[in-house]
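Examining the three-dimensional arrangement
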Amino acid sequence: MLDNIRIVLVNTSHQGNIGSAARAMKTMGLTDLVLVDPVESPQSHASALAAGATDILAAAHTVDTLQEAIADCPLVLATSARNRTLDWPMLSPREAGAKAVQEGKAAKVALVFGRENSGLTNEELQMSQFHVHIPANPEYSSLNLAMAVQTLSYEIRTAWLELEEQPQSIELPEYPNGENLERFFVHLEKSLTDSGFIVRQHPGLVMNKLRRMFNRARPEENELNILRGMLTSFDKRMDKE
Ligand SMILES: C[S@@+](CC[C@H](N)C(=O)[O-])C[C@H]1O[C@@H](n2cnc3c(N)ncnc32)[C@H](O)[C@@H]1O
């Protein structure tokens, strides 16, 4: 189950942070590390800080975009040093650990961490269902990247150990993965633009608000198929007019 939990580091600048994050993961039993467009590929400095976790570094995948990193993940949790980012559904680290292990029994889960100097962009934050904030000192709330990975990896391990002791498992619905969800948002935006609801030159915040609404509602795979079918039938009707 822990191998279904993926740590995603976006555009990391310092190799040392990648190495320390790999070490943090290994101490908590996590192995799946994905690097999105790292500023420098992990080399000797990263390996030095990874200590005995160079196997995690060696097995890490590097991809160009966050979309690729989460394509197969029905649950994406984006971390932020800022509280209440974009007014998105929030989880505490404890709740995030519990949710990740519950859904990680059946599907891939991504925990996404941002750049050392600027965190995650709004667009990247909007690719998740929940945001997670570690409730640190409000006057100095930004943890070092690898420390944030350690804190959340610990919560995952704690939740996993608790789950191991529970005899029955809960049936969970099947949620669409990141790739299917993104396809739906692209389709929705196109249909709303073609119909004139979104004005191409002045799109405003309609799509941001709709992304937030659908991420909050978390449609299941079959519900998303119905929504896409509805869009396709509206598209066909518009084409005829
Ligand atoms: C050094 S922080 C980036 C700080 C950046 N100035 C910002 O405002 O987001 C690098 C990354 O560590 C993680 N992080 C640091 N502090 C955190 C906190 N209190 N809660 C959740 N994640 C945190 C987030 O992934 C963040 O993008």
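Let me begin by describing the structure that accompanies this report.

What counts as what
Numbers given for residues are sequential positions, taken from 1 along each chain in its written order. Thresholds applied to this predicted model are a pLDDT of at least 70 for local features of residues and 80 or more for the giving and counting of side-chain atom pairs; totals over whole chains, interfaces and linings are not thresholded and use all residues. Working from all heavy atoms in the structure, the side-chain values ignore hydrogens and water. To qualify as a helix, a DSSP run of H or I must reach at least 4 residues; to qualify as a strand, a run of E must reach at least 2; elements of each kind are numbered from the N terminus. Note that patches include only residues with greater than 30% relative accessible area and no salt bridge, and the join distances are 9 Å for like charges and 5 Å for nonpolar side chains (Val, Leu, Ile, Met, Phe, Trp, Tyr). In these tables, accessible area is a Shrake-Rupley quantity obtained with a 1.4 Å probe, and a residue counts as shielded only by the protein chains included in the view. In what follows, salt bridge is the name for a side-chain nitrogen of Lys or Arg lying within 4 Å of a carboxyl oxygen of Asp or Glu. Residues belong to one nonpolar core when they are buried, are Ala, Val, Leu, Ile, Met, Phe, Trp, Tyr or Cys, and are joined through side-chain atoms within 4.5 Å. Residue burial is assigned from relative accessible area. The probe radius is 1.4 Å, only protein chains are included, and a residue is buried under 20% of its type maximum, exposed over 50%, and partly exposed in between. Here a residue-residue contact requires only that any non-hydrogen atoms of the pair lie within 4.5 Å. Each residue is tested against the molecule or strand, and it is near if at least one of its non-hydrogen atoms lies within 4 Å. Polar contacts, as counted here, are pairs of nitrogen or oxygen atoms within 3.5 Å of one another; within protein the pair requires one atom able to donate a hydrogen and one able to accept it, and residues that are adjacent in sequence qualify only if both atoms are side-chain atoms. Side-chain classes are defined by residue name, with Ala, Val, Leu, Ile, Met, Phe, Trp, Tyr, Cys and Pro counting as nonpolar, Asp, Glu, Lys and Arg as charged, and the others, Gly among them, as polar. Strands are labelled as partners when DSSP assigns at least two bridges between them. If the strands point away from the viewer and the path from the first strand over the helix to the second runs clockwise, then the crossover is right-handed.

Topic: unusual backbone geometry
One non-glycine residue, Asn 11, adopts positive backbone phi at about 55 degrees. Its location among the elements puts Asn 11 in the loop between strand 1 (5-10) and helix 1 (15-27). Notably, Asp 37 is not glycine yet its phi reads approximately 40 degrees, a positive angle. On the secondary structure map, Asp 37 appears in the loop between strand 2 (32-36) and helix 2 (44-50).

Quick look at a nonpolar patch on the surface
Together, Ile 226, Met 230 and Phe 234 make up a nonpolar patch on the protein surface, roughly 310 Å² of accessible area in all. Looking at where Ile 226 falls in the secondary structure, it is placed in helix 10 (residues 221-240).

Focus: the nonpolar core
Judged by nonpolar contacts, the single largest core of 38 residues is most densely connected at Ile 7, Leu 9, Leu 33, Leu 77, Leu 111 and Phe 113. With eight residues, the single largest contributor to this core is helix 7 (residues 145-164). Setting aside its immediate chain neighbours within four residues, Phe 113 contacts Ile 7, Val 8, Leu 9, Val 10, Thr 79, Leu 120, Leu 145, Ala 148, Val 149 and Leu 152. Counting residues in each nonpolar core, the second largest holds 16 residues, with Leu 66, Cys 73, Val 76 and Ala 110 among its members.

Considering the site of the ligand
Taken together, 19 residues sit near the ligand, with Thr 79, Gly 114, Ile 134, Ser 141 and Leu 143 positioned nearest. A distance of 3.0 Å separates an oxygen atom of the ligand from a polar atom in the backbone of Gly 114. A distance of 2.7 Å separates a nitrogen atom of the ligand from a polar backbone atom of Ile 134. Tallied by class, the residues present in the shell around the ligand amount to seven nonpolar, nine polar and three charged.

Some words on the pairing of strand 1
Looking along a regular strand, one sees side chains alternate from face to face of the sheet. For strand 1, the buried fraction is high: six of the six residues fall into the buried class. Burial along strand 1 is two-sided: Ile 5, Ile 7 and Leu 9 and Arg 6, Val 8 and Val 10, pointing in opposite directions, are all buried. Pairing analysis gives five bridges linking strand 1 to strand 6 (residues 109-113), with the strands arranged parallel. Bridge pairing in strand 6 links Ile 7 to Leu 111. At this point the chain moves from strand 1, through helix 1, to the parallel strand 2, and the crossover so formed is right-handed.

Some details on the pattern of salt bridges
Counted according to the given criterion, the structure contains ten salt bridges. Between Lys 190 and Asp 194 there is a salt bridge, with its nearest N and O atoms 2.7 Å apart. A residue pair is termed a helical-turn pair when its members lie 3 or 4 positions apart in one helix, as Lys 190 and Asp 194 do in helix 8 (residues 178-194) at four residues. A residue is classified by how much of its surface remains accessible, and Asp 194, at 41% relative accessible area, is partly exposed. What emerges from the salt-bridge pattern is a single network uniting Arg 6, Asp 32 and Asp 72.

Keep in mind these values describe shape, not function.
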